[in-house]
Amino acid sequence: MALEYIRQINDNIHLAVWKIEEDLEFYLKNVQLSLIDEKILLETTHPEKKLEFMAGRMLCKTVLHQLDISDLPIFRNEYGKPQIPNSEYDISLSHTENYIALSIGNKLDVGIDIEKPKAKMVKIAPRLYTPQEMEYCQDNLVYYSKMWSAKEVLYKLFMKRELDFREHLNCKPENKEWTLMRGTIKKDGFNKSYKLAFFELKEYFICLNLT
């Protein structure tokens, strides 16, 4: 088993991380999928995407059981967000080539993103960030990547699609270490701010909302 850890972040949120070490056959034998997820798996053609998908389901199965939240298979809802059947808990997943990260919220909407700083963020940042956000980043690759990750979390929190990362999602670091940020979603009368936090995982970092 490749469960790295389950960590309680606050009274309402747990964070769990899975390292992908097994092959696809392992997950297929050990994870029961919902009917919706079975269809998604059949429609997924890329082998690595299949592996990530099944590893994420294995992580959910393992952690939700250990925390006595649910033993039912999760499913992807109409907006693409993973969901626990008949539960007041909210969940969010994020994948990389090596890890799956899971955030669980008790009566709280959650979003999560796991990233490794990549040079491409410098190139696409002007299209996605406001002038003020560009200034915050100080031409720093890690800051560019964290800004992107924070906006990904906000996107997952809204989960209604049709969001413009520059126009509708705004982020501001709350300390010089960039371990905390304030993120705001503004669209069509919806206006809500969230406290976001970053956690390190070797060469990666994980961003999730605390409120």
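Here, the structure is the one placed above.
Overview of the structure. (Residues numbered from 1 in each chain as written. Predicted model: local features only at pLDDT ≥ 70, side-chain atom pairs only at ≥ 80, totals over all residues. Heavy atoms only, no water.)

**Thoughts on the packing of helix α4 (residues 120–128) against helix α6 (residues 141–158)**
Phase 1 of the analysis: Put simply, α4 and α6 touch, their axes get as near as 10 Å, and they point 50° apart. Between α4 and α6, the interaxial angle falls into the category oblique. For the crossing formed where α4 meets α6, the hand is left-handed. Within the contact between the two elements, α4 uses M121, V122, A125 and L128 and α6 uses L141, Y144, S145, W148 and K151.
Phase 2 of the analysis: Class assignment for the residues of the contact of α4 with α6 results in seven nonpolar, one polar and one charged. (Axes fitted to C-alpha atoms, helices over the stretch in contact; angles between N-to-C directions. Helix = DSSP H or I, 4+ residues; strand = E, 2+ residues; numbered from the N terminus. Parallel < 35°, antiparallel > 145°, perpendicular 65-115°, else oblique. Left-handed = near helix turned anticlockwise from the far one by under 90°. Contact = heavy atoms within 4.5 Å. Nonpolar A, V, L, I, M, F, W, Y, C, P; charged D, E, K, R; others polar.)

**What to know about the sheet that holds strand β1 (residues 3–8)**
Phase 1 of the analysis: On the basis of which strands lie adjacent, the open sheet formed by four strands has the order β1-β2-β6-β5 and antiparallel pairing. Of all strands in the sheet, those with a lone pairing partner are β1 and β5 (89–95), marking the two edges. The mean angle between the axes of side-by-side strands here comes to 15°, regardless of whether they run parallel or antiparallel.
Phase 2 of the analysis: Sheet topology note: the strand β2 (residues 13–19)/strand β6 (residues 99–106) ladder contains seven bridges and is antiparallel. If you follow K19 over to β6, its bridge partner there is Y99. (Pairing = 2+ DSSP bridges.)

**Section: the pattern of salt bridges**
Phase 1 of the analysis: Counting across every chain of the model gives eight salt bridges.
Phase 2 of the analysis: For E43, the salt bridge identified is with K39, shortest N-O distance 2.5 Å. Of this pair, E43 and K39 both sit in helix α2 (residues 35–43), separated by four residues, roughly a single helical turn. Each member of the pair, E43 as well as K39, is classed as exposed. (Salt bridge = Lys/Arg side-chain N within 4 Å of Asp/Glu carboxyl O. Buried < 20%, exposed > 50% of the residue type's maximum accessible area, 1.4 Å probe, protein only.)

**Side note on the packing of aromatic side chains**
Phase 1 of the analysis: Under the definition given, this model contains nine aromatic pairs.
Phase 2 of the analysis: Seen in terms of ring centroids, Y143 and W178 are 4.3 Å apart; in terms of plane orientation they differ by 5°. Their pairing is stacked. Note that Y143 is positioned in helix α6 and W178 in the loop between β8 (169–173) and β9 (180–187), a separation of 35 residues in sequence. When sorted by exposure, Y143 lands in the same class as W178, which is buried.
Phase 3 of the analysis: Taking the centre distance of 5.9 Å and the plane angle of 40° together, the rings of Y155 and F165 count as tilted. Of this pair, Y155 sits in helix α6 while F165 sits in the loop between α6 and β8, and the two are 10 residues apart along the sequence. (Phe/Tyr/Trp six-rings, centres within 6.5 Å; stacked < 30°, edge-to-face > 60°.)

**Some details on the sheet that holds strand β11 (residues 204–209)**
Phase 1 of the analysis: Strand order across the open sheet formed by five strands is β7-β11-β10-β9-β8, with antiparallel pairing between neighbours. Here the strands that pair on one side only, and so sit at the sheet edges, are β7 (112–115) and β8. Along the sheet, successive strands turn relative to each other by an average axial angle of 25°, direction set aside.
Phase 2 of the analysis: Here β8 pairs with β9 via five bridges, running antiparallel. When the sheet's bridge partners are listed, N170 is paired in β9 with T184.

**Things to note about the nonpolar core**
Phase 1 of the analysis: By size, the foremost hydrophobic cluster in this structure holds 28 residues, and its most contacted members are Y129, M147, M181 and I185.
Phase 2 of the analysis: At the level of secondary structure, the elements contributing two or more residues to this core comprise α4, α5 (131–137), α6, β8, β9, β10 (190–201) and β11.
Phase 3 of the analysis: Considering every element that reaches this core, the biggest residue donor is α6, with nine residues. (Core = buried A, V, L, I, M, F, W, Y, C linked by side-chain atoms within 4.5 Å.)

**Quick look at α4**
Phase 1 of the analysis: Among all positions in α4, only M121, I124, A125 and L128 are buried. Down the axis of α4, the buried set is contained in an arc of 135°. They therefore lie on one face. Residues of α4 that are exposed and point more than 90 degrees away from the buried face comprise K123 and R127.
Phase 2 of the analysis: On the buried face of α4, the contacting elements are α5 and α6. (Arc of directions from axis to C-beta.)

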